[in-house]
Amino acid sequence: MKAKVIALPPSATIKEALAIININRIVLVFDKSHRLLGTITDGDIRRALLKGLDLESPIEKVYHRNPITCSINDPKETLLRVALEHEIHQIPLLDESGKVVAVEVIEDLLRPDIRPNRVVIMAGGLGTRLRPLTDDTPKPLLKIDGKPILEKIVVDFVRQGFRKITLCVNYKAEMIEEYFGDGSRFNAQITYLKEDKRLGTAGALSALKEEVKEPMVVMNGDILTNLDFGELLKFHLTQNAVATMGVREYEVQVPYGVVKVDGTRITGIDEKPLHTFYISSGIYVLSPEALDYIPSGCFYDMPELFERLIAERRHCAPYPIREYWLDIGNINDFRRANESPEIARIMMNYRRKERD
């Protein structure tokens, strides 16, 4: 977003400049030919007043005569770099003739673009491996650092510019709906896919066939990550893929010496070898046509969808995730994510009930 260009002549007063700064944060100083002479910010005025000037003093004694400017054609990255180097919040933008045509507000550049892509979060699981924590609370509402897991996920997507969020719910769905509502308090538009029966990690997506026009992000509702989902989407598009799977390196070390045998001969020993595999991260991007391969109203998991797409020779791309990623699948995972006294108390009470 660009601020309005508001200019004053050098003969204008500090009081006039201050009135503009209270609204626009920056004043441009032009000569009679509308040539940029300099800029004035709140800091310039404060320094002038400390030197003994009053509000009726002309800004000719105040303005900064070597303003930092950029071209109207400079990319966002250049503007941000210049702003960081000079610690400024607004930059006048010049056209090819050197005339100021706009003022870029750096804070607005830092805000992510609002994306048209839908995010679907699978939040309907029973959370059986997290019992007894999930006996009375659905897994997505279990708290990490005082906030539900699902809230952390939703807030992160909103921060990255995603506003259209669909929650697939089943187990204790009413608790999730009551907590998130229409999403307005999270600056999101939240809708719900209610599963009357278990539909797996992909089955519910068939209900979106008619309304999804852009690639959508699908994610399990028990994952904590600092992944840049914009980069994931960009990768999906550049690969021209119908489906992209976020994959994570997983290492398995054999705790013994592995003996290599050829008939009756030992040909070698590999001592405690380490094997590395790619595993599914529970994060996906699906183009609209991928939904055509999901049967309606049936239990259908995401691996089945990818296997079918591969069998149909559709392009499925892997996206390696190097960022922080944690699948909160069991009590130990939950403890790692949240060493909370409250969790310890719940578990102690549960063990006491078992003994009684």
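Refer to the structure above for everything that follows.
The structure reproduced in this document is the subject of the present report. Values in this document were obtained by computation on a predicted structure and should not be read as measured data.

### Structural notes on the overall build of the protein chain
Scanning the protein chain for helices and strands turns up 10 helices and 20 strands. As displayed, the protein chain has an accessible area near 20,100 Å², and 50% of this comes from carbon and sulfur atoms.

### Considerations on the nonpolar core
Across soluble globular proteins, nonpolar side chains have a tendency to be buried as a group. Ranked by size, the top nonpolar core spans 35 residues in total, and within it Phe157 and Ile165 carry the most contacts. Breaking this core down by element, the ones donating at least two residues are strand 8 (119-122), helix 5 (149-159), strand 11 (164-169), helix 6 (173-180), strand 13 (216-220), strand 14 (223-225), helix 7 (229-238) and strand 18 (274-286). Looking at this core element by element, the count peaks at six residues for helix 5. When near neighbours in sequence (up to four residues on either side) are disregarded, isoleucine 165 contacts Val119, Ile121, Val154, Phe157, Val158, Ala188, Gln189, Ile190 and Thr191. Judged by nonpolar contacts, the second largest core, of 27 residues, contains Ala202, Ala243, Met245 and Tyr284.

### Points about the sheet that holds strand 19 (residues 316-320)
In spatial order, the strands read 12-11-8-13-18-15-19; together these seven strands make up an open sheet with mixed pairing. The open sheet has two edge strands, strand 12 (189-194) and strand 19, and neither has a second partner. This sheet shows a mean twist of 30° between the axes of neighbouring strands, independent of strand direction. As defined by bridge partners, strand 13 adjoins strand 18 across four bridges and the pair is classed as antiparallel. Paired with methionine 216 across the bridge in strand 18 is leucine 286. Sitting on the sheet, helix 5 touches strand 8, strand 11, strand 12 and strand 13, and the angle it makes with strand 8 is about 170°.

### Some remarks on the packing of helix 5 against helix 6
Contact geometry for helix 5 and helix 6: axes closest at 12 Å, N-to-C directions at 45°. The orientation of helix 5 relative to helix 6 falls into the category oblique. For the pair helix 5 and helix 6, the sense of crossing is right-handed. Together, Leu150, Glu151 and Val154 of helix 5 and Ile176, Tyr179 and Phe180 of helix 6 make up the contact between the two elements. Among the residues making up the contact of helix 5 with helix 6, the classes are represented as five nonpolar, no polar and one charged.

### Quick word on a nonpolar patch on the surface
Judged by side-chain polarity, Val259, Val261, Ile266 and Ile269 come together as a nonpolar surface patch covering roughly 410 Å² of accessible area. When residues of the nonpolar patch are traced back to their parent elements, those giving at least two are strand 16 (257-262) and strand 17 (265-271). In this structure, isoleucine 266 sits in strand 17.

### Details of the pairing of strand 6 (residues 90-94)
Of all five residues that make up strand 6, five are buried, and the element is covered over most of its length. One ladder, built from two bridges, connects strand 5 (residues 70-71) with strand 6; its direction is parallel. Along strand 6, the bridge assignment pairs serine 71 with leucine 94. Counting the residues between successive antiparallel strands, the hairpin from strand 6 to strand 7 (residues 100-105) contains five residues, one of them, glycine 98, with a positive phi of roughly 90°.

The rules we used
- Starting from 1, residues in each chain are numbered consecutively following that chain's sequence as written.
- In keeping with the predicted nature of the model, local features appear solely for residues at pLDDT of at least 70, side-chain atom pairs appear and are counted solely at 80 or more, and the whole-chain, interface and lining totals rest on all residues.
- Calculated side-chain values reflect all of the structure's heavy atoms, with hydrogen atoms and water omitted.
- Each helix corresponds to a stretch of at least 4 residues labelled H or I by DSSP, and each strand to a stretch of at least 2 residues labelled E; elements are numbered beginning at the N terminus.
- Per-residue and other accessible areas follow the Shrake-Rupley method at a 1.4 Å probe size, with only the shown protein chains counted as cover for residues.
- Side-chain atoms within 4.5 Å are what join buried Ala, Val, Leu, Ile, Met, Phe, Trp, Tyr and Cys residues into a set we call a nonpolar core.
- Burial classes: relative accessible area under 20% of the type maximum marks a residue as buried, over 50% as exposed, and values in between as partly exposed (1.4 Å probe, protein chains only).
- For this analysis, residues touch if any pair of their heavy atoms sits within 4.5 Å.
- Pairs of strands are assigned from DSSP output, requiring at least two bridges between the strands.
- Interaxial angles span 0 to 180 degrees and are taken between N-to-C directions of axes, which are lines fitted to C-alpha atoms, for helices over the stretch in contact.
- Convention used here: angles under 35 degrees read as roughly parallel, angles over 145 as roughly antiparallel, angles from 65 to 115 as roughly perpendicular, and any remaining angle as oblique.
- Rotating anticlockwise by less than a right angle from the far helix to the near helix defines a left-handed crossing, while the corresponding clockwise rotation defines a right-handed one.
- All amino acids are sorted into three groups, where Ala, Val, Leu, Ile, Met, Phe, Trp, Tyr, Cys and Pro are nonpolar, Asp, Glu, Lys and Arg are charged, and the leftover types, Gly among them, are polar.
- Distance thresholds for patches are 9 Å for like charges and 5 Å for nonpolar side chains (Val, Leu, Ile, Met, Phe, Trp, Tyr), applied to residues having over 30% relative accessible area and no salt bridge.
- Just to be clear on terms, a salt bridge is a Lys or Arg side-chain nitrogen sitting within 4 Å of an Asp or Glu carboxyl oxygen.

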